[in-house]
Amino acid sequence: MGEARNRADLIIYWGCNPVETHMRHLSRYSSLAKGLYTPEGRKGRKVVAIDIRPTPTTKGADLFLQVKPGNTFEIASVLRALLRGERLEEEAVAAVAGVPLASWREVAEAIKACRYGVLFFGLGVTQCRGSDINVEQVGLLIQDANVHTRFYGLAMRGHGNVNGSNQVMTWLTGYPMSVNFSHGFAQFNPGEFSVLPMLARGEPDAALIVATDPGAHLPADAVRHLRSIPTVAIDPHKNQTTPWATVVIPVAPSGVAAAGTFYRMDNVPLRVRKLIESPYPSDEEVLAAMKERIDHALRA
Amino acid sequence: MHTHVKLTLRTPPDLPVDAQSLIPESFVGKDQADIGALPLLLGNRSVTVADFFDVAILPADPGDGRTEEAREGGTLHLCGDLSRFKHIGEQMACGRVVVDGSVGSHAGAFMTGGALDVNGEAGDYLGAHMSGGRITVRGSAGHFVGAAYRGYVFGMTGGSICIHGDAGHMVGARLRRGLVAVGGSCGDLAAYGMRAGTVLIGGKSRVRAGANMVRGTVILLTPPEAIMPTFRYNCVYCPGFWPILHASLAGLGLDFPGVSPQAVFESYSGDINEGGRGEILLCRNAN
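Predicted model only: the values in this text are computed from it and were never measured.

**Notes on the pattern of salt bridges**
Item 1. Per the stated rule, a full pass over the model turns up 26 salt bridges over all chains.
Item 2. Taking the shortest distance from any N to any O, the salt bridge between A:Arg129 and B:Asp188 comes out at 2.8 Å. Here B:Asp188 lies in the loop between strand S12 (177-182) and strand S13 (198-201) and A:Arg129 lies in the loop between helix H7 (123-126) and helix H8 (131-145), a pairing that spans two chains.
Item 3. Accessibility expressed as a relative area gives 28% for A:Arg129, which makes it partly exposed.
Item 4. The salt bridge partner of B:Asp117 is B:Arg96, with a shortest N-O separation of 2.9 Å. Pair noted here: B:Asp117 is in strand S9 (residues 115-118) and B:Arg96 is in strand S8 (residues 96-100), with a separation of 21 residues, a long-range link. A single burial state applies to B:Asp117 and to B:Arg96, both of which are buried.

Written out as structure tokens, the structure is:
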């Protein structure tokens, strides 16, 4: 994000609304920030917003394209074709996602003309029809943009340290998520080993829930299965999961009463310190004690 | 003389079972006790075939003996609801597996030969990465039929998959060679990133059929929800191969009553982002 702050003269917000979800993002890292090679701040940057409805972020953009929901893949495909100089006939492709082809040409020309562009994409890209394939197509779009200029893409991650578990799983197994160890080695297959499909199929017969709240975030069917099996919840707060979890282990909140490392959404590690004492142990201490007991039981 | 082993499931398990040992090669030349001792993985716990199945070694079925696959490697006959059993028929090279019931995910994945007949439903990743042999599913199949696993460039590289019912998303994704035919409808992104080969969808296909395809042929017998904007209309013509493919599919029991061997197709070429050498053939005279 430091690169975006110091260099980006084109910023595209796609399917995200950082004015409301990442409040200091614009002033510190993107459109409003003044950087080494962007001393004029907002005046020196062109800002494009692509979203399905007007938001505070789109109001501050130079160009706002209001698109029909569920067309992320088609938009990325057409932008790729325009960047590659492919012929798209106005009669055959009059509009994409409800936006005239001429507007997409304008975006493609802005990408070609910029010195350094950054695409920030959010849940509007990753959670609409096509999900992971949308991200792949956006990745290919960024690859095609780099034929013309320097261009980067960054996912706007939500929640504190949501990137942390991805980082740890990657350095342990080579995979960021959806890892299965039942064969004694790591297997990766989103969809087969992701939380939601596994719960939908009713496969898990026990669950360890660490620093998350499935009772608030997962669909009712998935929560119903979780409630039917033994669950252990490790969390500093009372939440929608703790009332029905079989065992709840309260822990000290990280960054307040426990030290640790947070990973920012651009994969930068940030060390957080302990500010106050807590009567509870940290997540790390609880998990280490559980592992020790399990190892002891296996040896016995 | 070929081996004919029948396994009858007593009680379906609650947990998923990895059943990579359920291929004809594992059974040839073994007695009942040896077959019962073959390993399975229940969750993360090792169990045996005898824990779940009644094992019977039958005299060679003359009906099965007539098929080339059965003569070569024997027949494994599975009965019961095997929807929790994953990897059935994975890596099989010869013989025949017949399932009277449903199978779980990864059935027939990495197959190099033989035949897998499922008289029920199939899960995700049916025939993923298969390079030879034949899979027939009388019911419907899940997502990623004949597709590639995450991180791989090529999915299926040979053989044929014939599904009489519907299929999920990403049918034939990253296909490199071979045929995937679906009698019913299919989900999004059929033939996504296909390198070569043939994908045929008899019913309605949802959006993004053929997206990012490099070469190969996608045949849609029913108009899809939409054709990607990165495909270009070419012409209307009668492909020379269609009467042959039509007869071949009829031989596999996949009939399309409204589509004649002389059907006329609209041709679209794409995906232009990947060179535009692939084609979508959209049947024009479905009746």
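More follows now that the structure is in view.
**Considerations on the interface of chain A and chain B**
Item 1. Taken together, the contact pairs 33 residues of chain A with 33 residues of chain B.
Item 2. Roughly 2,600 Å² of surface becomes buried between chain A and chain B when both sides are summed, with 43% attributable to carbon and sulfur atoms.
Item 3. On the chain A side of the interface with chain B, the three residues burying the most area are A:Phe73, A:Arg129 and A:Glu203, jointly 22% of the side's total.
Item 4. Run the count over chain A and chain B and you get 8 salt bridges.

**Focus on the nonpolar core**
In globular proteins that are soluble, nonpolar side chains generally tend to be buried together.
Item 1. Grouped together as the largest cluster of nonpolar side chains are 74 residues, with contacts concentrated most on B:Leu7, B:Leu22, B:Leu40, B:Phe53, B:Phe85 and B:Leu126.
Item 2. Per-element tally for this core: the top contributor is strand S1 (residues 4-9) of chain B, with 3 residues.
Item 3. Filtering out sequence-adjacent residues up to four positions away, B:Leu7 remains in contact with B:Leu22, B:Phe27, B:Ile35, B:Val49, B:Phe53, B:Asp54, B:Val55, B:Leu76, B:His77, B:Leu78 and B:Cys79.
Item 4. Formed by 36 residues, the second largest nonpolar core is a distinct cluster that contains A:Leu65, A:Val67, A:Leu83 and A:Ile111.

**Focus: the packing of aromatic side chains**
Item 1. The full count for this structure, using the stated rule, is 11 aromatic pairs over all chains.
Item 2. On the numbers, 6.1 Å between centres and 70° between planes, the contact of A:Phe73 with B:Tyr192 is edge-to-face. Within this pair, whereas A:Phe73 is found in helix H5 (residues 72-83), its partner B:Tyr192 is found in the loop between S12 and S13, the two belonging to separate chains.
Item 3. Classification of A:Phe73 by relative accessible area gives buried; the value is 0%.
Item 4. The class for B:Tyr192 is buried, based on a relative accessible area of 1%.
Item 5. When the centroid spacing of 5.7 Å and the interplanar angle of 85° are considered together, the rings of B:Phe52 and B:Phe85 count as edge-to-face. Here B:Phe52, found in helix H2 (residues 49-52), pairs with B:Phe85, found in strand S7 (residues 85-86); they are 33 residues apart in sequence, far enough to count as distant. A single burial state applies to B:Phe52 and to B:Phe85, both of which are buried.
Item 6. Of the aromatic side chains, those joined through ring pairs into one cluster are B:Phe110, B:Tyr125, B:Phe144 and B:Tyr149.
Item 7. When the ring centre of B:Phe154 is taken as origin, the NZ or CZ atom of B:Arg176, which lies over that ring, is 5.6 Å away.

**Let's talk about the sheet that holds S7(B)**
Two pairing modes exist for strands in a sheet, parallel and antiparallel, and in both the strands are linked by backbone hydrogen bonds.
Item 1. The strand order across the open sheet formed by 4 strands is S4-S3-S2-S7 (chain B), and the pairing between neighbours is mixed. Of all strands in the sheet, those bounded by a partner on one side alone are strand S4 (45-48) and S7 of chain B.

**Focus: the domain arrangement of chain A**
Item 1. For chain A, the assigned domains are domain 1 (2-155) and domain 2 (162-299).
Item 2. With centres defined by C-alpha atoms, the gap from domain 1 of chain A to domain 2 of chain A works out at 33 Å.

About the criteria used
Residues numbered from 1 in each chain as written. Chains lettered and ligands numbered in written order. Predicted model: local features only at pLDDT ≥ 70, side-chain atom pairs only at ≥ 80, totals over all residues. Heavy atoms only, no water. Salt bridge = Lys/Arg side-chain N within 4 Å of Asp/Glu carboxyl O. Helix = DSSP H or I, 4+ residues; strand = E, 2+ residues; numbered from the N terminus. Buried < 20%, exposed > 50% of the residue type's maximum accessible area, 1.4 Å probe, protein only. Contact = heavy atoms within 4.5 Å. Buried area = accessible area lost by both parts, 1.4 Å probe. Core = buried A, V, L, I, M, F, W, Y, C linked by side-chain atoms within 4.5 Å. Phe/Tyr/Trp six-rings, centres within 6.5 Å; stacked < 30°, edge-to-face > 60°. Lys NZ or Arg CZ within 6 Å of the ring centre and 35° of its normal. Pairing = 2+ DSSP bridges. Domains from an automatic or database assignment.

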